Amino acid sequence: MSWARKLGVGGALVAVFAVTAVVGPWVAPHDPLRIDLAHSFAPPSAEHPLGTGDNGVDLASALLYGARRAGVVGLFVVVFSALVGTLLGAWAGLRGGRLDSWLSVVADVVQAFPGVILYIALLALVDRPGTTHVVGALCVSGWVLYARIARAEALTLREAEFVQAATALGATRGRVLWRHVLPNLLGPIVIQATSGFGGVVVAEATLSFLGLGPTDGVSWGALLDQGSGVLLRFPHVALVAGSAIALTVFGFNLAGDRLRDLLDPRGRR
Amino acid sequence: MLAYLAYRTLRALGTIAGVVTLVFALVRLVPGDPVEALLGEQASPEDRALMRARLHLDDSLAVQYLRFLGDLADGSLGRSFRSDATVASQIGEVAGDTAALALAALLVAWLTALPLGILAARFRGRAPDRVASALAVAGLAIPNIWLGPLLILLFGVRLRWLPLPGDDQAPLAALVLPALTLGTALAATLTRQTRGALADQLGAPYVVAARARGLPPARVLRQALRNAAFPVLTVGAAQLGALLSGTVVVETIFERRGLGTLFLDAFFARDYPTVAGCAVVIASIYVLVNLLVDLLYGVIDPRVRLG
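These figures come from a predicted structure and were not determined experimentally. (Residues numbered from 1 in each chain as written. Chains lettered and ligands numbered in written order. Predicted model: local features only at pLDDT ≥ 70, side-chain atom pairs only at ≥ 80, totals over all residues. Heavy atoms only, no water.)

**Observations concerning the overall build of chain B**
For the record, the criterion: Per the convention used, a helix needs a DSSP run of H or I reaching at least four residues, while a strand needs a run of E reaching at least two, with both numbered from the N terminus. Under the scheme applied here, a residue whose accessible area is under 20% of the maximum for its type counts as buried, over 50% as exposed, and between as partly exposed, the area being computed with a 1.4 Å probe on protein chains only. We call two residues contacting when some pair of their heavy atoms lies within 4.5 Å. Working definition of accessibility: Shrake-Rupley area with a 1.4 Å probe, residue cover restricted to the visible protein chains.
Of the regular secondary structure elements, chain B holds 14 helices and zero strands. Traced from its N-terminal end to its C-terminal end, chain B shows the element sequence α-α-α-α-α-α-α-α-α-α-α-α-α-α. Based on the C-alpha atoms only, the size of chain B along its principal axes is roughly 85 × 60 × 30 Å. Sorting the 307 residues of chain B into buried and exposed places 46% on the buried side. Here the contacts in chain B between residues at least 6 apart in sequence split such that 70% fall between residues at least 24 apart. Summing over all exposed atoms, chain B offers an accessible surface of approximately 15200 Å²; the carbon and sulfur share of this is 65%.

**Regarding the interface of chain B and chain A**
Stated precisely, the cut-off is as follows: By convention, the term buried area covers the 1.4 Å-probe accessible surface removed from two parts as they join, with the contributions of both added. Salt-bridge detection follows one rule: a side-chain nitrogen of Lys or Arg within 4 Å of a carboxyl oxygen of Asp or Glu. What qualifies as a polar contact is a pair of N or O atoms within 3.5 Å, subject to a donor-acceptor requirement within protein and to the restriction that residues adjacent in sequence count only when both atoms come from side chains. Each residue is assigned to one of three groups, with Ala, Val, Leu, Ile, Met, Phe, Trp, Tyr, Cys and Pro labelled nonpolar, Asp, Glu, Lys and Arg labelled charged, and all others, Gly among them, labelled polar.
Each partner contributes residues to the interface: chain B has 46 residues there, and chain A has 42 residues. Regarding the contact of chain B and chain A, the summed buried area is about 3600 Å², with carbon and sulfur atoms giving 77% of it. Broken down residue by residue, the surface that chain B buries against chain A is led by Ile145, Trp146 and Phe267 of chain B, which jointly contribute 18%. Our count for the chain B to chain A interface comes out at two salt bridges. We note a salt bridge from Arg192 of chain B to Asp257 of chain A, for which the minimum N-O separation is 2.5 Å. Joining chain B to chain A, the criterion identifies three residue pairs in polar contact (both at pLDDT 80 or more). At the level of elements, helix H1 (2–29), helix H6 (127–141), helix H7 (144–158), helix H8 (171–202), helix H11 (240–253), helix H12 (259–268) and helix H13 (272–300) of chain B are the ones that each hand at least two residues to the side of chain B that touches chain A. Tallied by class, residues from the side of chain B that touches chain A come to 34 nonpolar, six polar and six charged.

**Some thoughts on the nonpolar core**
For the record, the criterion: Residues belong to one nonpolar core when they are buried, are Ala, Val, Leu, Ile, Met, Phe, Trp, Tyr or Cys, and are joined through side-chain atoms within 4.5 Å.
Counting residues in hydrophobic clusters, the biggest one holds 158 residues, and the most contacted among them are Leu138 and Val181 of chain A together with Val23 of chain B. With 15 residues, helix H7 (residues 173–209) of chain A is the largest single contributor of residues to this core. If we skip the residues at most four places from it in the chain, Val181 of chain A touches Ala90, Leu94, Ala154, Leu157 and Val176 of chain A.

**Points about the confidence of the model for chain B**
For clarity, the cut-off: Predictor confidence is given residue by residue as pLDDT, running from a minimum of 0 to a maximum of 100.
Predicted confidence across chain B gives a mean pLDDT of 84, with 94% of residues reaching 70 or more. The least confident element of chain B, judged by mean pLDDT, is helix H14 (residues 302–306) of chain B at 63; the most confident is helix H5 (residues 87–122) of chain B at 90.

**Observations concerning the side chain of Thr15 of chain B**
If you trace the backbone, Thr15 of chain B turns up in helix H1. Since its relative accessible area comes to 8%, Thr15 of chain B is described here as buried. Those residues in contact with Thr15 of chain B, other than ones at most four positions away along the chain, are Asp108, Val109 and Ala112 of chain A together with Val287 of chain B.

**A word on a nonpolar patch on the surface**
So the rule is basically this: Nonpolar side chains (Val, Leu, Ile, Met, Phe, Trp, Tyr) are joined into patches within 5 Å and like charges within 9 Å, using only residues with over 30% relative accessible area and no salt bridge.
A surface patch of nonpolar side chains, about 510 Å² in accessible area, is lined by Val19, Val22, Val23, Trp26 and Val27 of chain A. Along the chain, the position of Val23 of chain A falls in helix H1 (residues 2–27).

**With respect to the pattern of salt bridges**
Overall, the coordinates contain eight salt bridges over all chains when judged by the stated rule. Notably, a salt bridge pairs Arg151 of chain A with Asp100 of chain A, separated by 2.7 Å at the nearest N-O pair. Here Asp100 of chain A lies in helix H3 (residues 97–112) and Arg151 of chain A lies in helix H5 (residues 131–158), a separation of 51 residues in the sequence. When its relative accessible area of 28% is taken as the criterion, Arg151 of chain A is described as partly exposed. Taking the relative accessible area as the measure of exposure, Asp100 of chain A reaches 10% and is therefore buried. When the shortest N-O distance is used, the salt bridge between Arg195 of chain B and Asp129 of chain B registers 2.8 Å. Within this pair, whereas Arg195 of chain B is found in helix H8, its partner Asp129 of chain B is found in helix H6, the two being separated by 66 residues in sequence.

**Quick look at the packing of H11 of chain B against H13 of chain B**
Residue and element names in this part refer to chain B. For clarity, the threshold we go by: In this analysis an axis means a line fitted to C-alpha atoms, helices contributing only their contacting stretch, and an angle means the value between N-to-C directions, from 0 to 180 degrees. By definition in this entry, angles of less than 35 degrees are roughly parallel, angles greater than 145 are roughly antiparallel, angles of 65 to 115 are roughly perpendicular, and the rest are oblique. Left-handed describes a crossing whose near helix is turned anticlockwise from the far helix by less than a right angle; the clockwise case is right-handed.
Two elements in contact, H11 and H13, have axes whose closest approach is 10 Å; the angle formed by their N-to-C orientations is 155 degrees. One way to sum up the angle between H11 and H13 is to call them roughly antiparallel. Regarding H11 and H13, the two cross each other, and that crossing is right-handed. For the pair H11 and H13, contact is made by Leu240, Gly241 and Leu244 and by Ile282, Ile285, Tyr286 and Val289, respectively. Considered class by class, the residues forming the contact of H11 with H13 number six nonpolar, one polar and no charged.

**Quick notes on unusual backbone geometry**
Residue and element names in this part refer to chain B. In the Ramachandran plot, Leu77 falls in the positive-phi region, its phi being about 65 degrees despite a non-glycine side chain. Within the element layout of this structure, Leu77 appears in the loop between helix H4 (61–73) and H5. Unlike most non-glycine residues, Glu255 shows phi in positive territory, near 50 degrees.

**Description of the environment of Arg222 of chain B**
With respect to the helices and strands, the residue Arg222 of chain B is situated in helix H10 (residues 217–238). A C-alpha to C-alpha distance of 36 Å links Arg222 of chain B and Ala174 of chain B, two positions 48 residues apart in sequence.

Written out as structure tokens, the structure is:
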């Protein structure tokens, strides 16, 4: 409970997002894809609490389904990236040598492509990008930052007395990694994963916004794109979708900052 | 010093070589037949054969790779599938628009971030600091796909101060909202960095000593600022990637022509040479700018070149 309070507003927003992503589709009042041409772009009403969008789809339902989509993509990308990146980076930092050099070359090349540019180049490979492809594209660059953090931490930990002691006592490299290095670099990784989640939500929304995401289902980005097209006449569509994205990112950023203050003594100023 | 310069330069060139190879591999990885993707399934065998020959798809992978390198080396970057224009000439046509947008966004970012960051560090924990921090948090939270429409709604539709997208009567006025949209996230990051780096410096013993000796506050601040510049510059250069990838979004929202929209249009048209050329050019710009900042560092700061 005290943890929940310590995470403050950011934690609360993240919790709201998480609950919405889990239960959203079950509590949604309508099918977000149901077409009702008679009520296109209607203002909020009793039946449609947030109004309707293009073809009369219920915005509240679209928002709830979109949260599920953002949550699923975010969870997959963050968990995969953090897992692979941390293991690779920590192993490379611990072992050094050729593996380490190759890893930093690959990381350099992947990072040379600014965000969306890499995703577009990757999605150009598939005929019709689906959710899996979007998740895959985001993972291709996602792991690099975690690898860099884990590597830097492992380089310091490698020289720490308790690690040297473990090695001297005959612990294998795998055991040192698992028992001594990984537990001690989790802090920075968790911090990065928290603010990184917000980044993935934006990236997913941006791809859908640009029309690169899957065309089935509902995404906040696609909803925002739809709303931007009719911004002059029906600003409520863009307002609903844009606020959802911004509030979610805001929550994850804030929670990440707060975690940094709590977990990382070096960050305190 | 020379060894440092040489190492950084070699590493950057190696990265660009990696970028080129990766892009080539990606374009060749296209599942199925690119000819089919381009011409559709109903195309006649003659058309297919013609297209295959035109794309040199019958050559071996090594020959295709060399051809790709050759296209980069002679500066043409290959030929677009859609027109007979070279990719380089397509990029050349729009590069100025993107450069103008990126420079304007950089201007917005630095002109907001420096004063805000300095004020926040100078009055740490007090009202200016809290205002600057709140602005920075807000700037980081609002993605440009949402900031763009919001600014259009406010300044274009409601207040009618600035032109709407697609209206290019006044090019300078039309640049304002895109630059604000693109520059905001960078401004927020730089504000935080400036505040943090400067606050660190202002707490350092040399600043306390300078103050104790009665140096004018403005001179103390100038000295501290100079020492705080390095971390801020590094972050600024690293954030350039976000700026470059943001141009795709911002140019799309504001219906501007540029590198971003050229890249995106090529993507939708399955114009692989243009996609590949744009990706190589954008990644190379990013790598080279970061190299430049690294080298600048070495020139300005003796600790870097001797360390």
